[in-house]
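# A look at the structure
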Amino acid sequence: KRLAGYVGRSMSILGCGYSRSCLYHSSRIEAGIDGMNDWQIGLQEVIDENVAKSLYRNGYAVVANAVSSDFCKLLRTEIEVLHSNEALYPNKTHFVNTSTGTTSYLQKKSIFETDGHNPELLESSKNDIPLLLISKFERDPSLSTLLSLYEPKFSLKRQTIKAQLTKSNGGCFPIHTDSDELVDERKVTAILYLNQEWMPKDGGQLVLYPFPNDTVTIEPREGTLALFSSCHMLHRTLPYTASEKTRYCITQWLSGDVKSNAVEFDALSSNAEDSWRRLFTKSLRGHLTKLMLCEEWIESIIASHNESEDRKFVVNTLNSEVEQIFHKIKVSFPEFTHDCHSALELRQKITTQIPQIRQSQTTLWF
């Protein structure tokens, strides 16, 4: 796609589906800047108040050409060297079977990674592997500092990283959020894509679900930086099917003090109109989104993991949760749901209310 519609640093891309307020472009002339200086200087030129405010207001922002092609090549090389020396491990989905109290691990297809706090990565080398840039990402506060400078409400203080590659064979991620306010302090997810000559037929796109707003699909092109809420932005990665190509990315999680405002369904007001509005607030929106995305959510689980009893259990658990959400909403809003006899009928009825919700209610992400 060609770039058009410049207004300062903000831009629109014809035909890509990004809103003007959520996508920004670097006009920087790439001129041989190597190592972390490229990352740090590039961020200073592309992360501004518009990006930070858009991330805070919309739950996501996308920055095109955030770093140079040479810098992306250096990172790709390091990730590939780590993989060839068996220093990456398969990605797995962790889930707890509440009926047995046991933890199971669903390995994803053809996805390999390492965390920044991995002891093997923290060492200066493993089998003479130089870990120059990847290890520095773990300690680099540039992105946290800039986002907090332009939007002080973020108050980001720490960062962790993950380096990842996906081979062909349909590797992908199911719908999920990266964190929970009751689990850890991650607030912002930042994914830097490193994929040279990526084409739409390759797959591997990032899909965001900023419900009740429209779904957003982000192409994992070289130099693209995707930012979104770690706790409240549901997202998935579509199957990567490119033959003889590898998909690369670096994820940096930015953390700060998090105050949980989790609210359960039992805390809904007895006032029907007030409760209906609260269903779309940050604390309860996750339940409603699970109901609305149920079929796509199940499809994403099946696409991400090979068939197994554990996968079957995860799908059944999701279906059970959706039924519980459906019945709780029916009890809370009898006047609105009296003619809804299934979760599908309720989804269809809620869909008719979304335009009104968008106009009357601000969606919070942090």
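Quantities reported herein were computed from a predicted structural model and do not represent experimental measurements.

Looking only at helices and strands, one finds twelve helices and 14 strands in the protein. Pairs at least 24 apart in sequence give 74% of the contacts found in the protein among residues at least 6 apart.

What follows is about the nonpolar core. In terms of nonpolar packing, the biggest core is built from 53 residues, with Trp39, Ile47, Leu147 and Leu225 touching the most fellow members. If we ignore the near neighbours within four places in the chain, the residues touching Leu225 are Trp39, Leu43, Ile47, Ala61, Val62, Val63, Ala66, Ala190, Ile191 and Leu192. Counting residues in hydrophobic clusters, the runner-up holds 33 residues, among them Phe211, Phe280, Leu291 and Ile325.

On average, residues of the protein score 83 in pLDDT, and 80% of them reach the 70 mark or higher. Here residues 1-33 scores under 50 on pLDDT; set against residues more than four positions off or in separate chains, the count is 77 contacts.

Relative to the helices and strands, Gly203 resides in the loop between strand 9 (186-193) and strand 10 (206-209). Residues Gly203 and Leu238 lie 35 residues apart in sequence; the distance between their C-alpha atoms is 6.2 Å. For Gly203, the residues in contact, after removing those within four places along its chain, are Trp198, Pro220, Pro239 and Tyr240.

Before going further, it helps to spend a moment on helix 6 (residues 142-150). For helix 6, the set of buried residues is Ser142, Leu143, Ser144, Leu146, Leu147 and Ser148. Where helix 6 is buried, its residues contact helix 1 (35-46), helix 2 (49-58), strand 7 (156-166), strand 9, strand 12 (225-229) and strand 14 (247-256).

Tracing the sequence through the fold places Ser148 in helix 6. If sequence neighbours within four positions are ignored, Ser148 has contacts with Phe154, Ser155 and Leu156.

With that settled, consider the sheet that holds strand 10. The sheet built from four strands is open, its strands ordered 8-13-10-11 with antiparallel pairing. At either margin of the open sheet sits one strand with a lone partner, and together these are strand 8 (171-176) and strand 11 (216-218). Neighbouring strand axes in the sheet, compared pairwise and without regard to direction, differ in orientation by 20° on average. Where strand 10 and strand 11 come together, three bridges link them in antiparallel fashion. Each residue of the ladder has a partner; that of Leu208, found in strand 11, is Val216. Sheet contacts for helix 9 (residues 294-304): strand 8, strand 10 and strand 13 (234-240); angle to strand 8, the most-contacted strand, approximately 150°.

Going through the model one piece at a time under the given rule, you end up with six aromatic pairs. Taken together, the ring pairs connect Trp39, Phe71 and Phe137 into an aromatic cluster. The ring of Trp365 has Arg285 lying over it, and the distance from NZ or CZ to the ring centre is 4.1 Å. Lying across the ring of Phe336, Lys349 places its NZ or CZ 5.0 Å from the centre.

What the rule picks out here adds up to 16 salt bridges. Residue Lys53 pairs with Glu151 through a salt bridge whose shortest N-O separation is 2.9 Å. Of this pair, Lys53 sits in helix 2 while Glu151 sits in the loop between helix 6 and strand 7, and the two are 98 residues apart along the sequence. When its relative accessible area of 29% is taken as the criterion, Lys53 is described as partly exposed. A salt bridge links Asp339 to Lys349, with the shortest nitrogen-to-oxygen separation between them at 2.9 Å. Taken together, the positions of Asp339 in the loop between helix 11 (334-337) and helix 12 (343-360) and Lys349 in helix 12 put the pair ten residues apart, joining distant regions of the chain. On the accessibility criterion, Lys349 (23% relative accessible area) is partly exposed.

A few words now on the pairing of strand 14. Two faces, one strand: in a regular strand the side chains alternate between the faces of the sheet. Of all ten residues in strand 14, ten are buried, a share of seventy percent or more. Burial along strand 14 is two-sided: the residues Arg247, Cys249, Thr251, Trp253 and Ser255 and Tyr248, Ile250, Gln252, Leu254 and Gly256 are all buried. Here strand 9 runs beside strand 14; their pairing, made up of seven bridges, is antiparallel. Counted as the bridge partner of Arg186 is Ser255 from strand 14.

Once that is clear, we can look at the packing of helix 9 against helix 10 (residues 309-332). Between helix 9 and helix 10, the shortest axis-to-axis distance is 10 Å and the interhelical angle comes to 170°. With respect to their mutual orientation, helix 9 and helix 10 come out roughly antiparallel. Counted together, Cys294, Trp297, Ile298, Ile301 and Ile302 of helix 9 and Arg311, Val314, Val315, Leu318, Asn319 and Val322 of helix 10 form the full contact between these two elements. Among the residues forming the contact of helix 9 with helix 10, the class breakdown is nine nonpolar, one polar and one charged.

With that settled, consider the side chain of Glu113. Mapped onto the elements, Glu113 comes out in strand 6 (residues 102-115). Polar side-chain contacts of Glu113 include one of 2.8 Å to the side chain of Gln164. Among residues more than four places away in sequence, those in contact with Glu113 are Leu88, Tyr89, Asn91, Lys162, Ala163 and Gln164.

Calculation criteria
- Residues numbered from 1 in each chain as written.
- Predicted model: local features only at pLDDT ≥ 70, side-chain atom pairs only at ≥ 80, totals over all residues.
- Heavy atoms only, no water.
- Helix = DSSP H or I, 4+ residues; strand = E, 2+ residues; numbered from the N terminus.
- Contact = heavy atoms within 4.5 Å.
- Core = buried A, V, L, I, M, F, W, Y, C linked by side-chain atoms within 4.5 Å.
- Buried < 20%, exposed > 50% of the residue type's maximum accessible area, 1.4 Å probe, protein only.
- pLDDT = per-residue confidence, 0-100.
- Pairing = 2+ DSSP bridges.
- Axes fitted to C-alpha atoms, helices over the stretch in contact; angles between N-to-C directions.
- Phe/Tyr/Trp six-rings, centres within 6.5 Å; stacked < 30°, edge-to-face > 60°.
- Lys NZ or Arg CZ within 6 Å of the ring centre and 35° of its normal.
- Salt bridge = Lys/Arg side-chain N within 4 Å of Asp/Glu carboxyl O.
- Parallel < 35°, antiparallel > 145°, perpendicular 65-115°, else oblique.
- Nonpolar A, V, L, I, M, F, W, Y, C, P; charged D, E, K, R; others polar.
- Polar contact = N/O pair within 3.5 Å; in protein donor to acceptor, adjacent residues only side chain to side chain.

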